[in-house]
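Coordinate inspection notes
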Amino acid sequence: MADQDRQIIINQKSEAESHARASADAARAEAVKSLEAIETARAVATAERKKEITLIEARQEAEREATRLQLSATADRNAAVDRAAARREEAHGEADGITIRAEAKKKDLLAEA
């Protein structure tokens, strides 16, 4: 009977050890799973930050380009206005020159007559 009792105790201890090992294995598996979830969350957060930074940089570059184009268009428009004004002044000058020459010719013709 003592052998049987001893065998029962050994079997119970063995079963308890098996349960303890299974619980420890499950806990280790859960810990690994949690660590992997943390790493995944960290990687996702890093990727989202990089994406956001890239979008901000792209927006800033687009704004700089739009500003550059706007300034260039304004400069072109101002240059065109200045060229038109210069052409008008030149045309007025030529017209005045023609008028003065015509007046002079008229005076010469009247003086000869």
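The present account deals with the structure reproduced in this document. Bear in mind the structure is a predicted one, so any value in this text is a computation, not a measurement.

1. A few points about the overall build of the protein chain
- Within the protein chain, the regular secondary structure consists of one helix and zero strands.
- Overall size of the protein chain, expressed as C-alpha extent along the three principal axes, is 165 × 10 × 5 Å.
- By residue count, 1% of the 113 residues in the protein chain fall in the buried class.
- Each charge sign in the protein chain was given a centre, from 20 positive and 23 negative side chains, and these centres are 2 Å apart.

2. Quick word on the environment of Glu-112
- Here Glu-112 shows up in helix H1 (residues 2–112).
- By relative accessible area, Glu-112 is classed as exposed at 65%.
- Residues Glu-112 and Ala-73, 39 residues apart in the sequence, show an inter-C-alpha distance of 58 Å.

3. So, the pattern of salt bridges
- Within this structure, the stated rule accounts for six salt bridges.
- Between Asp-25 and Arg-28 there is a salt bridge whose closest N-O contact spans 2.4 Å. In this pair, Asp-25 and Arg-28 both sit in helix H1, three residues apart, roughly one turn of the helix.

What counts and what doesn't
- Residues take numbers from 1 onward in each chain, read along the sequence in its written order.
- With pLDDT at 70 or above as the cut-off, local features in this predicted model cover only qualifying residues; side-chain atom pairs require 80 or more to be listed or tallied, and sums for whole chains, interfaces and linings still use all residues.
- Computation of side-chain values: all heavy atoms of the structure, hydrogens and water removed.
- A run of DSSP states H or I qualifies as a helix once it reaches four residues; a run of E qualifies as a strand once it reaches two. Both are numbered from the N-terminal end.
- Accessibility here uses a 1.4 Å probe with only protein chains present; expressed as a share of the type maximum, an area under 20% marks a residue as buried, one over 50% as exposed, and anything in between as partly exposed.
- For this count, His and the chain ends are skipped, Lys and Arg are scored as positive, and Asp and Glu as negative.
- The location of each charge is read from NZ of Lys, CZ of Arg, CG of Asp or CD of Glu.
- Basic side-chain nitrogens of Lys or Arg form a salt bridge, by our definition, when they fall within 4 Å of a carboxyl oxygen of Asp or Glu.

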